[in-house]
Amino acid sequence: MDNQLWGIITISLCVLGYLRSWKFQRKESWTIALCLLMTCGLLLRVFTSCDFFLHIWDERFHALVAKNMIHHLLKPALYDHPVLPFDYKNWTSNHIWLSKPPLALWLISASIYLFGNNEIAIRIPSIIVSTSCILLTYKIAKALFNKRIAWLAAFLNSIHGLLIETAAGRVSSDLVETVFIFFVELGVLFAVLSIQNKKKPLFWMTLCGLAIGFSLLSKWLPGLIVLPIWLFYAYSYPGYPKNNLLKGVAFLFGMTMLVALPWFIFIRMQYSRAAEAMFKGIFIPLFESIQGHHGSIWYYLNKIRMVYGEIIYLPLCWLLFWVFKNNRKMAQQGSLRLLSVWIFIPLIIFSFAETKRFIYLLICAPAMFMLTAILFYEVANIKIYRKYSWLFHIIMFLLIALPIRYSIERIKPFKKTNRNPDWAIALRDFKPKKAHHMVLFNYSRPIAAMFYTNLVAVYPLIPNQKDINKLNSEGYSVLINSPSNNIPQSIKELQNVIIVHLVEQK
């Protein structure tokens, strides 16, 4: 069965599921409605994840490091046995790999251990975590606003194209970004409960601080966004003691460090050079453009329409208006301020940073979904002359239709694509005897090759005779890929090399 037919089946099932969910929420059967949203969201994520090859950025790196970590949990290695010299500052070809924190990599390692060394196994944690975010969005919106807004926000989360593609590994960061968003959302939910629930505030604050810590173990410092979210919401919440604000922030930060600091200390002591380079690299994107990801100060204001729909500027303007007008009920005003902090603090910081990447906008995705849902119902409840009703119906339609269109564009369910390319098949089938003592050269996808095979190391370059002799003397067999007869004749004539013919990427 080809990709198009699976796409038609998946979308058809999801349309039916979402329509049933909408009917159940109209009847206020919220549990069934939410379960249908999550089931449809799961279907979309499973369909998109069924690419039987490793994607180029960054999935292949995460997969290989996670595969190696099965054998040494506290040693994140890319080239587990680098037989040639390497630059420890080059994250694409080094030995100790600290470019991302370990939490998401541990999840992939566990999945590979349980389900085998394959593409679906490395995406199972993403699928589960991304689907769970639908529930978290519903819980947060329900606590801040009401169940109808919560249902619509969860629906927007369920169908969001970029979140689905990220969980499927098609865009950079994949599981790392997905797990990060999950723990940010979890931190926000616990932050809200710690302020609203006066019986167990310390319990919820402890969980909030731990969740922030886990977000730092997913994607470093951006997870600290939960701290100002808690602070502004506590300040705006009726009856919350203002003299506890600084104590609360200090407590949350302490719990965060209780989770994250041990890893920072460990890598600094165990892998000092790599850790030093990594710590410096955390702040480099603020001052330098990395890998050509640059743009003007307006980059995110422009890209935000592509990620959340072209009409997203209307909810953002509405939010700013009500936050500053300050004439709503105090509890609702606090909820709107929470959304404004969640959205605008990352937006401002990222806008002034030199490195620009549209995927950074996902940190505020749940807040965007809630904001869109709020405006939808605000517009629906407007009392106005009948001759202008068409305009408000158009706004309501676009608030929902544009995210749906974006989801279809990202998922590409009706596009005929090769989801099991020849190069991936060739690597899966490449099982030479004594692979643990073989080094492959002249292969353009070395990271993927090391994931699929048991080869000691794979390099894209053609070795010289000195390197070949050195490896032979160390007990390694040298394989050289020859897809297009680009190997020098002098190397071909050597007796101590083996020529192989692996399919390259087209």
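In what follows, the accompanying structure is described. Worth saying up front: this structure is predicted, and the values here are computed from it rather than measured.

## Points about the overall build of the protein
Within the protein, the secondary structure is distributed over 21 helices and 4 strands. Within the protein, the proportion of its 506 residues that are buried is 54%. Partitioning the intrachain contacts of the protein with sequence separation of at least 6 by distance along the chain shows that 71% fall at a separation of at least 24. As displayed, the protein has an accessible area near 23,300 Å², and 65% of this comes from carbon and sulfur atoms. In the protein, 51 side chains carry a positive charge and 24 a negative one; their mean positions are 13 Å apart.

## Let's talk about the layout of surface pockets
Volume-wise, the largest pocket comes out at about 1,400 Å³. Along its surface, the largest pocket is lined by 42 residues, and W220, G281, I282, P285 and Y360 are the ones closest to its centre. In terms of residue count, the dominant contributor to the lining of the largest pocket is helix α12 (residues 272–287) (9 residues). Tallied by class, the residues present in the lining of the largest pocket amount to 28 nonpolar, 9 polar and 5 charged. Taken together, 23 residues make up the lining of the second largest pocket; nearest its centre are Y18, W151, F155, I400 and I404. Mapped by element, the contributors of at least two residues to the lining of the second largest pocket are α1 (3–26), α6 (147–159), α16 (365–380) and α17 (389–411).

## Details of helix α3 (residues 59–69)
The buried fraction of α3 amounts to 11 of the 11 residues, a majority that puts the element mostly inside the structure. Among the residues making up α3, those that are buried are E59, R60, F61, H62, A63, L64, V65, A66, K67, N68 and M69. Buried positions along α3 lie against α4 (103–115), α5 (119–144), α8 (174–196) and α19 (446–452).

## Comments concerning unusual backbone geometry
Geometrically, the link from W57 to D58 is a cis peptide bond, its omega value of -20 degrees lying close to zero. Along the chain, D58 turns up in the loop between α2 (30–49) and α3. Its identity is not glycine, yet W220 carries a phi of approximately 55 degrees, on the positive side. Looking at the secondary structure, you find W220 in the loop between α9 (201–219) and α10 (226–236).

## Here we look at empty space enclosed by the protein
The full count for this structure, using the stated rule, is 3 cavities of 30 Å³ or more. Quantified by volume, the largest cavity comes out at close to 70 Å³. Around the largest cavity, the lining residues are S130, C133, N157, L163, T166, T178, I181, E185 and P366. Of all the elements in the fold, those that place two or more residues in the lining of the largest cavity are α5, α7 (161–167) and α8. By residue number, the principal contributor to the lining of the largest cavity is α8, which donates 3 residues. Classifying every residue of the lining of the largest cavity by side-chain character gives 4 nonpolar, 4 polar and 1 charged.

## Notes on α2
Over its 20 residues, α2 extends 28 Å from the first C-alpha to the last, a length consistent with the 28 Å expected when each residue adds 1.5 Å. Those residues of α2 that fall on the buried side of the exposure criterion are W30, A33, L34, L37, M38, C40, G41, L44, R45, F47, T48 and S49. Elements that come into contact with the buried residues of α2 comprise α1, α5, α6, α7 and α17.

## So, the side chain of K100
Relative to the assigned elements, K100 resides in the loop between α3 and α4. Reaching out from K100, the side chain makes a polar contact with the side chain of D58 at a distance of 3.3 Å.

## Some words on the pattern of salt bridges
Scanning the model with the defined rule gives 13 salt bridges in all. Between E59 and R123 there is a salt bridge, and its shortest N-O distance comes to 2.7 Å. Linking E59 in helix α3 with R123 in helix α5, this pair joins segments that are 64 residues apart in sequence. For the pair E59 and R123, a shared accessibility class is recorded, and that class is buried. Among the ionic contacts, a cluster of salt bridges with common partners joins D51, E165, R170, R410 and R419.

## Some words on the pairing of strand β1 (residues 438–441)
Strand residues, when the strand is regular, have side chains that alternate between the two faces of the sheet. Of the two faces of β1, the one lined by M438 and L440 and the one lined by V439 and F441 are each fully buried. Sheet topology places β1 next to strand β3 (residues 477–481); 4 bridges connect them, and they run parallel. In the sheet register, V439 faces β3, and the bridge partner there is V478. Pairing of β1 with strand β2 (residues 457–458) involves 2 bridges; the strand directions are parallel. When the sheet's bridge partners are listed, L440 is paired in β2 with V458.

## Structural notes on the packing of α8 against α9
Two quantities define a packed helix pair, namely the angle between the helix axes and the distance between the axes. The interhelical angle for the contact between α8 and α9, taken along N-to-C directions, is 165 degrees, at an axis separation of 8 Å. In terms of orientation, α8 and α9 fall into the roughly antiparallel class. The two elements α8 and α9 meet at a crossing, and its hand is left-handed. Contacts between α8 and α9 involve V176, E177, V179, F180, F183, V184, L186, G187, F190, A191, L193 and S194 from the first element and P201, W204, M205, L207, C208, A211, F214, S215, S218 and K219 from the second.

Conventions used here
Residues numbered from 1 in each chain as written. Predicted model: local features only at pLDDT ≥ 70, side-chain atom pairs only at ≥ 80, totals over all residues. Heavy atoms only, no water. Helix = DSSP H or I, 4+ residues; strand = E, 2+ residues; numbered from the N terminus. Buried < 20%, exposed > 50% of the residue type's maximum accessible area, 1.4 Å probe, protein only. Contact = heavy atoms within 4.5 Å. Areas by Shrake-Rupley, 256 points an atom, 1.4 Å probe, with all protein chains shown as cover. Lys, Arg positive; Asp, Glu negative; His and termini not counted. Charge placed at Lys NZ, Arg CZ, Asp CG, Glu CD. 1 Å grid on protein atoms, 1.4 Å probe; cavity = no way out; pocket = protein on both sides within 12 Å on 5 of 7 lines; lining within 4 Å. Points joined across faces, edges and corners; volume = space filled by probe spheres on them. Nonpolar A, V, L, I, M, F, W, Y, C, P; charged D, E, K, R; others polar. Expected span 1.5 Å × (residues − 1). Polar contact = N/O pair within 3.5 Å; in protein donor to acceptor, adjacent residues only side chain to side chain. Salt bridge = Lys/Arg side-chain N within 4 Å of Asp/Glu carboxyl O. Pairing = 2+ DSSP bridges. Axes fitted to C-alpha atoms, helices over the stretch in contact; angles between N-to-C directions. Parallel < 35°, antiparallel > 145°, perpendicular 65-115°, else oblique. Left-handed = near helix turned anticlockwise from the far one by under 90°.

Nothing here speaks to function; it is geometry throughout.
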